[in-house]
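# Analysis of the macromolecular model
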Amino acid sequence: MILKPPPRPVKPYLCSLLLIRWLHKGQGWICVGRDLLGVLGGAAVALPLAARAQQPERVRHIGMLNALGSDDLEAQARIAVFEQTLQQLGWVVGRNLKIEVRQLGGDADRLRSYVAEMIALAPDVIFTIGSVAVAPLQQATRTIPIVFVNAPDPVGAGFVQSMAQPGGNITGFSNFEYSMSGKWAELLKQIAPNVTRALVLRDPTSAAGIGQFAAVRSVAQSLGVELRAVNVRDTDEIELNVAAFASSGNGGMIVTSGGTGARRNLIISLAARHKLPTVYPYRYYAVDGGLVTYGPNTLDPVRRAAGYVDRILKGEKPANMPVQAPTKYELIINLKTAKTLGVTVPELLLATADEVIE
């Protein structure tokens, strides 16, 4: 229906009101019904909603420090488990998550530079595997949340105020009670009863190296085993000390968890070369050829730490998230290595093993 235009000019401030009923077409004006008005209004509302829907999702940043090297299969497994767990929790790398990974490989100089890089990146949270990076990170920041795994004594090291209430920007998952380290001396004596001397490889700069050595010594004395500590900070020092120690008989080795993982291939090869029965702290040492290992599973705390990282990204504070300890330790025996070393593993020990590698 064509109607005559309004009889007088439309005042600007009335335009919107008049257009509720009138729209100009050609030389005339068309009366617009309420239904069409609803369509026009709905379209106007939908436009900003569609624009908002096209907004990119917020990307959160995680910094990750791994004590092992980039070519290490254990290191690769840890990263894969961490990312898979976060994906199950709704985080997708490249969409709403970015992970900056730095792998230390036991290099102290690299540690200092990587810690500085992490702080400069200012991530939403830092995840660190191994205790070696926790202290430098703590010195560098008191605000960026930090989640650790594989720290033997976080309270004694000063990383947290208590296991139940960390109280700062750091929380995570410990891997050893020091008293448990005495089990390594017992295992060495069980698997090689003739051993009267043991070389203990440790990192003297870490709380783990010092505390675990003390626990091993307290048990070794009762077993009649004389101990000698060797630092693992220098490759040449390790080789010279192992060779000198092996020149006398009735010897074995105990490898602590502090700072030894990145050099485990060297240590395992030295044990084989000098025919030294050796006890190690983690399963992946046995997988790589170590004789016997006793310690916690290394991938389970990474999964649990990913849950902590998820909670922090969603607003929780590390200060209120308790540090958790392992609930189970695994005994792994490599029978192939035992045969190479000429060691006969007691049947009782085999029966109690969680895994036997043949």
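Summary of the structure given here. These numbers come from a predicted model, not from an experiment.

## As for the overall build of the protein
- Counting secondary structure elements, the protein contains 13 helices and 15 strands.
- Every one of the 358 residues in the protein was classed for burial, and the buried ones make up 47%.
- Counting only contacts in the protein whose residues sit at least 6 apart along the sequence, the fraction spanning at least 24 positions is 68%.
- Here the protein has roughly 17700 Å² of accessible surface; of this, 54% comes from carbon and sulfur atoms.

## Some words on the sheet that holds strand 7 (residues 146–149)
- On the basis of which strands lie adjacent, the open sheet formed by five strands has the order 5-4-6-7-8 and parallel pairing. Sheet topology places strand 5 (97–103) and strand 8 (170–173) at the edges, where each strand pairs with a single neighbour. Within this sheet the neighbouring strands show an average axis-to-axis angle of 20 degrees, counted without direction.
- The sheet strands contacting helix 4 (residues 108–121) are strand 4 (60–66), strand 5 and strand 6 (125–129), and the helix crosses strand 5 at an angle near 165 degrees.

## Notes on the pairing of strand 4
- Where burial is concerned, most of strand 4 is hidden: six out of the seven residues are buried.
- Taken together, the seven bridges between strand 4 and strand 5 define a ladder with parallel strand orientation. Note that in strand 5 the partner of glycine 63 across the bridge is glutamate 100.
- Once you follow strand 4 into helix 3 (residues 73–88) and on to strand 5, the crossover reads as right-handed.
- Looking at chain direction, strand 4 and strand 6 are connected through five bridges and run parallel.

## Focus on the sheet that holds strand 10 (residues 226–231)
- The seven strands lie next to each other as 10-9-11-12-13-14-15, forming an open sheet whose pairing is mixed. Each edge of the open sheet carries a strand with a single partner, namely strand 10 and strand 15 (355–357). When the angles between neighbouring strand axes are averaged without regard to direction, this sheet yields 20 degrees.
- Contacts from helix 6 (residues 182–191) reach strand 9 (197–202), strand 11 (251–255), strand 12 (278–280), strand 13 (292–296) and strand 14 (329–334), with the element oriented near 150 degrees to strand 11.

## Remarks on the packing of aromatic side chains
- With the rule as written, the count across this model stands at eight aromatic pairs.
- Geometrically, the ring pair formed by tyrosine 282 and tyrosine 284 is stacked, given 5.6 Å between the ring centres and 15 degrees between the ring planes. Considered together, tyrosine 282 and tyrosine 284 belong to a single accessibility category, that of buried residues.
- Taken together, the aromatic side chains of Tyr280, Tyr282, Tyr284 and Tyr285 make up a single cluster linked through ring pairs.
- Taking NZ or CZ as reference, arginine 197 lies 4.0 Å from the ring centre of phenylalanine 245, over its face.
- Positioned above the aromatic ring of phenylalanine 213, the side-chain terminus of arginine 202 is 4.9 Å from the ring centre.

## Let's talk about the side chain of arginine 78
- Secondary-structure assignment places arginine 78 in helix 3.
- Residue arginine 78 is classed as buried on the basis of its relative accessible area, which comes to 2%.
- Leave out the neighbours within four places in its chain, and arginine 78 touches Asn66, Leu68, Ile129, Asn150, Tyr284, Thr298, Leu299 and Val302.

## Overview of helix 11 (residues 300–313)
- Compared with the 20 Å implied by 1.5 Å per residue over 14 residues, the 20 Å span of helix 11 between its first and last C-alpha is a close match.
- For helix 11, the tally of buried residues reaches 10 of 14 residues, placing the bulk of the element in the interior.
- By the burial criterion, the buried members of helix 11 are Pro301, Val302, Ala305, Ala306, Gly307, Tyr308, Val309, Asp310, Ile312 and Leu313.
- At its buried positions, helix 11 is contacted by strand 4, helix 3, strand 5, strand 6, strand 7 and strand 8.
- At the C-terminal side of helix 11, glycine 315 shows a positive phi close to 115 degrees.

## What to know about the pattern of salt bridges
- According to the stated counting rule, one finds 14 salt bridges in the structure shown.
- Aspartate 72 is paired through a salt bridge with arginine 264; the nearest N and O atoms lie 2.7 Å apart. Highlighted residues: aspartate 72 in the loop between strand 4 and helix 3 and arginine 264 in helix 9 (residues 264–273), separated in sequence by 192 residues.
- With a shortest N-O distance of 3.0 Å, lysine 328 and aspartate 354 are connected by a salt bridge. Taken together, the positions of lysine 328 in the loop between helix 11 and strand 14 and aspartate 354 in the loop between helix 13 (347–352) and strand 15 put the pair 26 residues apart, joining distant regions of the chain.

About the thresholds
Residues numbered from 1 in each chain as written. Predicted model: local features only at pLDDT ≥ 70, side-chain atom pairs only at ≥ 80, totals over all residues. Heavy atoms only, no water. Helix = DSSP H or I, 4+ residues; strand = E, 2+ residues; numbered from the N terminus. Buried < 20%, exposed > 50% of the residue type's maximum accessible area, 1.4 Å probe, protein only. Contact = heavy atoms within 4.5 Å. Areas by Shrake-Rupley, 256 points an atom, 1.4 Å probe, with all protein chains shown as cover. Pairing = 2+ DSSP bridges. Axes fitted to C-alpha atoms, helices over the stretch in contact; angles between N-to-C directions. Right-handed = clockwise from strand over helix to strand, strands pointing away. Phe/Tyr/Trp six-rings, centres within 6.5 Å; stacked < 30°, edge-to-face > 60°. Lys NZ or Arg CZ within 6 Å of the ring centre and 35° of its normal. Expected span 1.5 Å × (residues − 1). Salt bridge = Lys/Arg side-chain N within 4 Å of Asp/Glu carboxyl O.

None of the figures reported here should be taken as evidence of function without further support.
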